[in-house]
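# Summary of the model geometry
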Amino acid sequence: MPTVTLLTDFGPREGFAAAMKGVILSIAPDADLVDVTHDIPRGDVEAGAWVLRQYVDLYPPGTVHLAVVDPGVGGDRRPIALAVADRFLVLPDNGIATRVVAAAASWRGVELSETAYLRPAVSATFHGRDIFAPVAAQLANGVELERFGPPLDTIRLLDLPTPRRQPAEVRGYIAHIDYFGNLITDIPGDWVEPSWRFRVADRQLSGVKRSYVDVEAGELVVLVGSMGTIEIAVRDGSAAEQLGVARGDTVVARS
Amino acid sequence: MPTVTLLTDFGPREGFAAAMKGVILSIAPDADLVDVTHDIPRGDVEAGAWVLRQYVDLYPPGTVHLAVVDPGVGGDRRPIALAVADRFLVLPDNGIATRVVAAAASWRGVELSETAYLRPAVSATFHGRDIFAPVAAQLANGVELERFGPPLDTIRLLDLPTPRRQPAEVRGYIAHIDYFGNLITDIPGDWVEPSWRFRVADRQLSGVKRSYVDVEAGELVVLVGSMGTIEIAVRDGSAAEQLGVARGDTVVARS
Amino acid sequence: MPTVTLLTDFGPREGFAAAMKGVILSIAPDADLVDVTHDIPRGDVEAGAWVLRQYVDLYPPGTVHLAVVDPGVGGDRRPIALAVADRFLVLPDNGIATRVVAAAASWRGVELSETAYLRPAVSATFHGRDIFAPVAAQLANGVELERFGPPLDTIRLLDLPTPRRQPAEVRGYIAHIDYFGNLITDIPGDWVEPSWRFRVADRQLSGVKRSYVDVEAGELVVLVGSMGTIEIAVRDGSAAEQLGVARGDTVVARS
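The sections below set out a description of the structure shown in this document. (Residues numbered from 1 in each chain as written. Chains lettered and ligands numbered in written order. Predicted model: local features only at pLDDT ≥ 70, side-chain atom pairs only at ≥ 80, totals over all residues. Heavy atoms only, no water.)

Here we take up the overall build of chain A. Along the backbone of chain A there are 5 helices and 14 strands. At 20 Å, chain A has a C-alpha radius of gyration in line with the 18 Å of a compact globule built from 255 residues. Seen through its C-alpha atoms, chain A measures out along the principal axes to roughly 60 × 40 × 35 Å. Counting across all 255 residues of chain A, residues that qualify as buried make up 60%. A separation of at least 24 residues holds for 67% of the contacts in chain A among residues at least 6 apart in sequence. Accessible surface for chain A amounts to roughly 9800 Å². Of this, 46% is attributable to carbon and sulfur atoms. Averaging the positions of the 24 positive and the 33 negative side-chain charges in chain A gives two centres separated by 4 Å. (Helix = DSSP H or I, 4+ residues; strand = E, 2+ residues; numbered from the N terminus. Rg over C-alpha atoms; globule rule 2.2 N^0.38 Å. Buried < 20%, exposed > 50% of the residue type's maximum accessible area, 1.4 Å probe, protein only. Contact = heavy atoms within 4.5 Å. Areas by Shrake-Rupley, 256 points an atom, 1.4 Å probe, with all protein chains shown as cover. Lys, Arg positive; Asp, Glu negative; His and termini not counted. Charge placed at Lys NZ, Arg CZ, Asp CG, Glu CD.)

What follows deals with the pairing of strand E11 (residues 203-206) of chain A. Residues and elements named next belong to chain A. With 4 bridges connecting them, strand E10 (residues 197-200) and E11 associate as antiparallel partners. Bridge pairing links Arg-199 to Gln-204 in E11. Where E10 folds back onto E11 in an antiparallel hairpin, the turn is made up of 2 residues, including Ala-201, whose phi is positive at roughly 50 degrees. (Pairing = 2+ DSSP bridges.)

A separate point is helix H4 (residues 127-140) of chain B. The end-to-end C-alpha distance of H4 of chain B, which contains 14 residues, comes to 18 Å, matching closely the 20 Å that a straight helix rising 1.5 Å per residue would cover. Along its length, H4 of chain B reaches its greatest deviation from straightness, about 30 degrees, at Ala-133 of chain B, and the proline Pro-134 of chain B lies no more than four positions downstream. (Expected span 1.5 Å × (residues − 1). Bend = angle between axes of the 7 residues up to and from the residue.)

All names here are of chain A. Between helix H1 (residues 16-27) and helix H4 (residues 127-140), the least distance of the axes is 8 Å, while the angle of their chain directions is 35 degrees. In the crossing of H1 with H4, the sense of the turn from one axis to the other is right-handed. Two secondary-structure elements touch here, H1 through Ala-19, Met-20, Val-23, Ile-24 and Ile-27 and H4 through Gly-128, Arg-129, Ala-133, Pro-134, Ala-137 and Gln-138. Counted by class, the contact of H1 with H4 contains 8 nonpolar, 2 polar and 1 charged residues. (Axes fitted to C-alpha atoms, helices over the stretch in contact; angles between N-to-C directions. Left-handed = near helix turned anticlockwise from the far one by under 90°. Nonpolar A, V, L, I, M, F, W, Y, C, P; charged D, E, K, R; others polar.)

Turning to the relation of the copies chain B and chain C, a few remarks are in order. Rotating chain B by 120 degrees about the axis while translating it 0.0 Å along that axis superimposes it on chain C, leaving an RMSD of 0.0 Å. Such a combination of turn and shift is consistent with a three-fold rotation axis. Looking at the interface residues of chain B, only 7% of them are also at the interface in chain C, so each copy uses its own face. (Least-squares fit on C-alpha atoms with pLDDT ≥ 70 in both.)

Residue and element names in this part refer to chain A. Considering all chains together, one arrives at 18 aromatic pairs over all chains under this definition. Measuring from centroid to centroid gives 5.7 Å for Phe-10 and Phe-126, while their planes differ by 85 degrees, and the two rings are edge-to-face. Pair noted here: Phe-10 is in the loop between strand E1 (3-8) and H1 and Phe-126 is in the loop between strand E6 (108-111) and H4, with a separation of 116 residues, a long-range link. Assessed through its relative accessible area of 12%, Phe-10 is described here as buried. Take Phe-126: its relative accessible area is 5%, and that puts it in the buried class. Ring geometry for Tyr-55 versus Tyr-59: centroids 6.1 Å apart, planes at 80 degrees, classification edge-to-face. Accessibility expressed as a relative area gives 0% for Tyr-55, which makes it buried. The exposure class of Tyr-59 is buried, given its relative accessible area of 0%. An aromatic cluster is built from Phe-10, Phe-16 and Phe-126, whose rings are joined through pairwise contacts. (Phe/Tyr/Trp six-rings, centres within 6.5 Å; stacked < 30°, edge-to-face > 60°.)

Attention now goes to the relation of the copies chain C and chain A. Applying a rotation about an axis and a shift along it to one chain copy brings it onto the other copy. With an RMSD of 0.0 Å, chain C superimposes on chain A once it is rotated by 120 degrees and translated 0.0 Å along the axis. A low fraction, 7%, of the interface residues of chain C reappear at the interface in chain A, so the copies pair through non-equivalent surfaces.

What follows concerns empty space enclosed by the protein. Scanning the model with the defined rule gives 4 cavities of 30 Å³ or more in all. Taken as a whole, the largest cavity holds about 520 Å³ of empty space. Looking at the lining of the largest cavity, the elements that each hand over two or more residues are helix H2 (45-55) and strand E13 (229-234) of chain A together with helix H4 (127-140) of chain C. Split into classes, the residues belonging to the lining of the largest cavity amount to 12 nonpolar, 9 polar and 8 charged. (1 Å grid on protein atoms, 1.4 Å probe; cavity = no way out; pocket = protein on both sides within 12 Å on 5 of 7 lines; lining within 4 Å. Points joined across faces, edges and corners; volume = space filled by probe spheres on them.)

Next up on the list: the layout of surface pockets. Put simply, the largest pocket is a space of about 780 Å³. Pro-12 of chain A, Pro-12 and His-38 of chain B together with Pro-12 and His-38 of chain C are, among the 38 residues lining the largest pocket, the residues nearest its centre. Breaking the lining of the largest pocket down by element, the ones donating at least two residues are H1 and strand E2 (32-37) of chain A, helix H1 (16-27) and strand E2 (32-37) of chain B together with helix H1 (16-27) and strand E2 (32-37) of chain C. Residues belonging to the lining of the largest pocket are distributed by class as follows: 15 nonpolar, 10 polar and 13 charged.

A few words now on the pairing of strand E5 (residues 87-92) of chain A. All names here are of chain A. Burial runs high along E5: 6 of the 6 residues are buried. When strand E3 (residues 64-68) meets E5, the two strands line up parallel, connected through 3 bridges. Directly across from Leu-66, in E5, lies its bridge partner Val-90. In this sheet, E5 lies alongside strand E4 (residues 79-84) in antiparallel orientation, the contact comprising 6 bridges. Within the sheet, the bridge partner assigned to Val-84 lies in E5 and is Arg-87.

This paragraph deals with the sheet that holds strand E5 (residues 87-92) of chain C. Residues and elements named next belong to chain C. Spatially, E2-E1-E3-E5-E4-E6 is the arrangement adopted by the 6 strands of the open sheet, whose pairing is mixed. Among the strands making up the open sheet, the edge pair consists of E2 and strand E6 (108-111). In this sheet, neighbouring strand axes are inclined to one another by 20 degrees on average, regardless of whether the strands run parallel or antiparallel. In the packing of H1 onto the sheet, contacts are made with strand E1 (3-8), E2 and strand E3 (64-68), and the angle to E1 comes to roughly 160 degrees.

As a general point, the strands of a sheet are linked pairwise by backbone hydrogen bonds and lie either parallel or antiparallel. Residue and element names in this part refer to chain B. The strand order across the open sheet built from 6 strands is E2-E1-E3-E5-E4-E6, with neighbouring strands paired in mixed fashion. Of all the strands in the sheet, the pair left with one neighbour each is E2 and strand E6 (108-111). Here the strands of the sheet are splayed against their neighbours by 20 degrees on average, with no regard to which way each runs. Sheet topology note: the strand E1 (residues 3-8)/strand E3 (residues 64-68) ladder contains 5 bridges and is parallel.

Below, the structure is given as structure tokens:
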């Protein structure tokens with residue numbers, strides 16, 4: 001039976017995620033539920049977009065990935081479902097799919113307008129329970145994507161910067177700052193050489209190391225992170241704090 | 001195989017909940033475990049009672065709901081199990097079932113005194129592992145409720161205020177303050193008209209909106225929340241902080 | 001199908017644990033996944049070792065327990081798998097198995113060097129996804145432990161103090177401070193009598209109580225905790241804060 005994963009910003013101590021899981025199991029009793037996190041910073045669609053990219057492809061084909069970071073709930077943003085590389089995404093059309101879609105060859109999607117597949121009374125504040133959960137369960141049950149509503153030509157994408165490459169210089173951005181203050185950039189690890197120098201927040205860093213243990217505790221280190229891009233970290237510490245940087249800040253690498 | 005859900009206040013980083021889950025799977029290997037939260041504020045039975053109500057009814061008939069917020073563990077409060085609307089609740093008799101029971105037509109219950117169904121050595125501090133988990137697992141296995149001990153005539157209920165309704169005025173209470181500082185009242189949404197005014201903490205608020213997006217960021221909004229009652233929120237902020245209110249404070253609505 | 005449990009220090013809001021779960025389900029689609037916690041204090045192998053001991057034995061034989069608190073990832077610590085009392089442990093060889101192994105009659109183990117069982121490209125910073133998860137999934141699928149690499153003669157054990165017993169005095173240590181500030185010592189509850197006195201941080205405490213409710217809120221209490229050892233707690237408060245103690249501090253019990 002397909003897996004259904006759940007990513008939300010509903011917080012760690014309420015019953016909202018449990019409500020979604022109950023709705024899913026009532027419709028798809030054999031679905032395997034997997035919690036990703038319910039602690040995405042509240043309303044931070046861009047953080048959700050990054051985290052979603054970390055795991056979507058690693059699940060079996062047919063997996064249904066729910067991602068509900070939805071500050072516009074009850075407004076005019078559309079609830080949608082996408083098929084990307086044999087997995088399904090069920091989420092608000094607010095850009096949270098941006099990084100998954102950018103990494104995929106193609107996608108198809110629908111607007112979730114077919115009310116027969118939703119809960120009878122849809123609240124204006126909790127589409128996770130009333131729209132996204134029942135649709136995810138029906139997808140897990142094998143209902144065809146096209147049944148949930150009209151096809152989409154476009155979806156909303158976050159306006160993210162992209163790294164620029166020249167022979168001796170790459171200019172990229174901090175794409176994500178993780179829970180520990182590691183700076184994950186969008187610079188592909190194979191765009192730079194191990195000997196290159198990096199500049200971030202007026203600090204110069206030399207050379208790409210293999211892992212955190214290649215420097216002393218408290219020291220800055222540049223390495224290729226687990227998503228394949230350049231990461232700037234402090235061993236046993238927070239690079240974000242030590243450097244005073246924010247998501248979106250520039251990182252420049254030079255030969 | 002039935003689902004067993006777990007709500008506790010054991011905190012996010014200890015092995016207590018995992019111990020309960022191991023006990024359940026050792027007795028009911030095919031049970032589907034669902035984490036609700038393990039981060040209810042420590043010992044806050046009233047918060048547990050609210051959160052429990054958010055999801056209990058949404059699960060399939062036969063589901064076993066564990067709820068262990070149990071500041072009186074090892075004292076004279078009884079461990080109990082209830083059957084409510086085709087679902088089971090396994091919990092301490094300290095009022096945590098109050099809101100679920102209040103919403104149900106009827107219930108039956110037993111005291112968990114039949115030691116054959118408990119762990120051989122019951123500790124005085126961890127009934128979650130030694131009493132509640134094995135009983136939940138046996139219920140998931142289909143053991144009849146009546147087997148676990150003598151029937152209950154009464155259970156302990158929290159002494160919660162109830163909202164009062166007059167033609168042009170409703171007086172209710174803040175029943176729950178959620179993780180984000182939203183004030184969830186006990187005033188049914190259909191007791192008031194969209195045009196009514198609300199008073200809370202000497203602030204006047206006008207009109208019931210549909211969702212958070214109907215006001216600007218940082219502004220107060222009154223809406224009908226996902227449980228069907230009046231909610232007072234701040235878009236992208238904390239109403240509890242902005243208004244300086246606490247659970248139990250009065251909210252008055254007037255035509 | 002066997003259960004696979006996950007304990008990590010990856011934090012509550014990233015996609016690392018979800019990535020591990022995707023890898024497991026792609027290899028062992030019928031595995032039952034159980035989250036223990038992903039919020040062990042970062043890099044705190046000793047805390048991980050304590051928490052792991054709380055639940056490992058309570059799971060059915062054949063369960064695979066993943067425990068990835070791995071500050072030395074990418075360095076020369078070995079990735080290993082152990083068989084202990086009919087359960088499997090998959091973890092870095094950094095001492096995190098210490099308390100489980102100390103409580104067991106015997107163990108056997110292997111170094112995870114057989115690359116056929118790992119992900120094709122092993123990153124230097126995320127062995128959870130690339131080494132530990134696929135091995136755990138293969139163990140759940142029934143692959144023999146010996147297939148993953150050469151047998152181990154020794155593993156790394158934390159250099160933990162051990163309690164010392166005399167007829168009228170026991171000297172032990174604070175082995176763990178839990179999320180709520182309870183002090184869990186390594187003194188077996190049956191080494192002392194209920195009438196004994198306890199000294200910790202120059203405070204004298206008299207007598208072993210049954211549970212937290214045997215003292216008033218805010219008061220210190222000595223009891224036998226859920227793991228069978230002496231615990232010092234403050235009812236509805238933090239003993240660690242009230243006493244200003246740290247893990248490893250001495251506790252002396254006298255008749």
